[in-house]
Amino acid sequence: MATTAGGQPPNEVGQPALLSNPFISYMEKLKPISLNTKPIPLKPISYLHGEPTVLWEQEEINQMIINENLEYAVVGKFSYGWPDIQELRKLIPKQCELKGECKIGLLRNRHVLIRATLMEDYVHLLSKPAFYISQRNWSFPMRTLKWYPMFDPDEETTIAIAWISFPSLPPNFFGRETIFSLAAAVGKPLQVDMATRNQTRPSCARVKVEVDLLGEFPKRIKIGMKKTNGEVMEK
């Protein structure tokens, strides 16, 4: 059987799940990030076309992200003015209804870097088209963008968060780990919706994923079972 993956607007919020490991307990998901910092070794300088160049491995870049508290980093972009950065450090956590601690700093003109510590806040910040930060009878729209190692404020990001649905999926496949396995064919799974989690809508499962809008998305995902005798059954 092939289950269909289709986009739907969000109307229910499910439980968060850490990007680094989706198979964790509910209590662990509510805790701030536990950082496992490690030093990055010094790199030699090489020359490419006469220009000094320093290169790092992907694993080292990943460790840098952990060391600098950037696992759940989000960029806030103000296009029509913005309050002072000291004010934003007070206003954003409150008006964006963040549940965990965060650090906010000026990344570049019109852009602030929000280092969230909870996956739940990371998903919340990226799930809305815009937040409106109010100060002294003024309202400043703030778009939120996913931060990534080579983020360039001058380029429009193609990364977005969307809900996808799996209609007609057999209810035995509604577990979060199972849904995450299916959703990984579309993007990075973040959380299932409340009806899926609470088993109140057996006709359709929904999950929020992080996707690259320029990527190609499958319309169907085959599911199957491998029997003890080695026979594979597909639906």
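Residues numbered from 1 in each chain as written. Predicted model: local features only at pLDDT ≥ 70, side-chain atom pairs only at ≥ 80, totals over all residues. Heavy atoms only, no water.

**With respect to the confidence of the model for the chain**
Then step 1. Averaged over every residue, the pLDDT of the chain is 84; residues scoring 70 or more account for 83%.
Then step 2. Looking at the elements of the chain, mean pLDDT is at its lowest for strand β2 (residues 6-8), recorded as 44, and at its highest for strand β7 (residues 111-116), recorded as 97.
Then step 3. Per-residue pLDDT stays below 50 along residues 6-34; that stretch engages in 70 contacts with residues further than four places along the chain or on separate chains. (pLDDT = per-residue confidence, 0-100. Helix = DSSP H or I, 4+ residues; strand = E, 2+ residues; numbered from the N terminus. Contact = heavy atoms within 4.5 Å.)

**So, helix α3 (residues 85-95)**
Then step 1. Looking at α3, one finds that the buried residues are L88, L91 and I92. One side of α3 holds all its buried residues, which, seen down the axis, span an arc of 100 degrees. Structural note: α3 exposes K90 and K94 on the side pointing more than 90 degrees away from its buried face.
Then step 2. The elements touched by buried residues of α3 are β5 (72-78), β6 (102-108), β7, β8 (131-135) and β9 (138-146).
Then step 3. Positive phi appears at E97, one or two residues downstream of α3, with a value of about 55 degrees. (Buried < 20%, exposed > 50% of the residue type's maximum accessible area, 1.4 Å probe, protein only. Arc of directions from axis to C-beta.)

**Considerations on the nonpolar core**
Then step 1. Among the nonpolar cores identified, the biggest contains 23 residues, and I92, C96, I133 and M142 are the most heavily contacted of them.
Then step 2. Where this core is concerned, the elements lending two or more residues are β5, α3, β7, α4 (119-127), β8 and β9.
Then step 3. By residue number, the principal contributor to this core is α4, which donates five residues.
Then step 4. Contacts of I133, omitting those with residues within four sequence positions, involve F78, L88, L91, I92, Q95, C96, W138, S139, F140 and M142. (Core = buried A, V, L, I, M, F, W, Y, C linked by side-chain atoms within 4.5 Å.)

**Examining the sheet that holds β6**
Then step 1. With respect to topology, five strands assemble into an open sheet ordered β6-β7-β5-β9-β8, the strand pairing being antiparallel. Each edge of the open sheet is held by one strand with a lone partner, namely β6 and β8. Direction aside, the axes of adjacent strands within the sheet are offset by 30 degrees on average.
Then step 2. Direction of pairing for β8 relative to β9: antiparallel, over a ladder of five bridges. The residue of β9 that forms the bridge with Q135 is W138.
Then step 3. Across the face of the sheet, α4 comes into contact with β5, β7, β8 and β9 while running at roughly 30 degrees to β5. (Pairing = 2+ DSSP bridges. Axes fitted to C-alpha atoms, helices over the stretch in contact; angles between N-to-C directions.)

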